[in-house]
Amino acid sequence: MFWVFFGGVCGTALRYWFEQLWPASGTSWPWGTFAANLCGAFVLGAVLETLTLLGPDGGWRRHVRLFLGTGFCGAFTTYSALALEISNLSRNGFLVTGVVYALVSVLAGMVAAIGGIATAAKVLARYSGGAE
């Protein structure tokens, strides 16, 4: 529980910072949430791939997964803000922007997660002496 809580505190603080850098207006692309969700998807993909390749989910690997995966990435990324921003864009007359934002967020999030997985696999292969 400690690892999830501590990771959540860190993830929430970083998401707050992103939202301060790029605040959502309800009338334009919500860059803060978009950036947080994409970065979080990449980090989550990289962390989970790294931990999977390093061994079973136990000991320090489990603590890292709980801290970074569940706590940090869970608090840093935000489906609720994504849904609210889509709703606000639509209600404020920006229906096309809201729909495009929803689709691009999901697709780009998948690409970011796959990118994180691929990056982690390549880095670990390089450091473990595997082929590139």
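All values reported here derive from a predicted model rather than from experimental measurement.

A. Local environment of the packing of helix α1 (residues 2-21) against helix α2 (residues 31-54). As a packed pair, α1 and α2 sit with axes 8 Å apart at the nearest point and diverge in direction by 145 degrees. For the pair α1 and α2, the crossing hand works out as right-handed. For the pair formed by α1 and α2, the contact residues are Arg15, Phe18 and Glu19 on the first element and Gly32, Thr33, Ala35, Ala36 and Cys39 on the second.

B. Representation of the UniProt feature "binding site: Na(+)" (unreviewed entry) in the chain. Mapped onto this numbering, the UniProt entry gives "binding site: Na(+)" (unreviewed entry) at Gly74 and Thr77. With respect to the helices and strands, the residue Gly74 is situated in helix α3 (residues 59-76). According to the relative accessible area criterion, Gly74 is partly exposed, its value standing at 46%. Position of Thr77 relative to the elements: it lies in the loop between α3 and α4 (79-91).

C. Spotlight on the UniProt feature "transmembrane region" (unreviewed entry) in the chain. Mapped onto the present numbering, the UniProt feature "transmembrane region" (unreviewed entry) falls on residues 31-54, 66-87 and 99-125. Structurally, residues 31-54 is divided into 100% helix and 0% strand, and its ends, taken at the C-alpha atoms, are 34 Å apart. Along residues 66-87, the helical share is 91% and the strand share 0%, with 31 Å between the first and last C-alpha atoms.

D. Representation of the packing of α4 against helix α5 (residues 95-127) within the structure. Viewed as axis vectors pointing N to C, α4 and α5 meet at an angle of 160 degrees, and their least axial separation amounts to 7 Å. One element, α4, and the other, α5, form an angle in the roughly antiparallel class. Once α4 is placed against α5, the crossing between them reads as left-handed. Mapping the contact onto sequence places Leu82, Glu85, Ile86, Leu89 and Ser90 in α4 and Leu95, Thr97, Gly98, Tyr101, Ala102 and Ser105 in α5. For the contact of α4 with α5, the per-class residue count stands at 6 nonpolar, 4 polar and 1 charged.

E. Layout of the environment of Gly69. Checked against the element boundaries, Gly69 lands in helix α3. The exposure class of Gly69 is buried, given its relative accessible area of 13%. With 26 residues separating them in the primary sequence, Gly69 and Val43 have C-alpha atoms 8.2 Å apart. Apart from residues no more than four positions distant in its own chain, Gly69 is found in contact with Leu44, Val64 and Gly74.

F. Examining α4 more closely. Taking 1.5 Å per residue as the helical rise, α4 with its 13 residues ought to reach 18 Å, and the 18 Å between its terminal C-alpha atoms agrees with that figure. Within α4, burial applies to Ala81, Leu82, Glu85 and Leu89. With its buried residues spanning 105 degrees around the axis, α4 presents them on a single face. In this structure, α4 carries Tyr79, Ser80 and Arg91 as exposed residues pointing more than 90 degrees from its buried face. If you follow the buried residues of α4, they end up packed against α1, α2 and α5.

Criteria and thresholds
Residues numbered from 1 in each chain as written. Predicted model: local features only at pLDDT ≥ 70, side-chain atom pairs only at ≥ 80, totals over all residues. Heavy atoms only, no water. Axes fitted to C-alpha atoms, helices over the stretch in contact; angles between N-to-C directions. Helix = DSSP H or I, 4+ residues; strand = E, 2+ residues; numbered from the N terminus. Left-handed = near helix turned anticlockwise from the far one by under 90°. Contact = heavy atoms within 4.5 Å. UniProt positions renumbered as here; feature names shortened; annotations may be inferred. Buried < 20%, exposed > 50% of the residue type's maximum accessible area, 1.4 Å probe, protein only. Parallel < 35°, antiparallel > 145°, perpendicular 65-115°, else oblique. Nonpolar A, V, L, I, M, F, W, Y, C, P; charged D, E, K, R; others polar. Expected span 1.5 Å × (residues − 1). Arc of directions from axis to C-beta.

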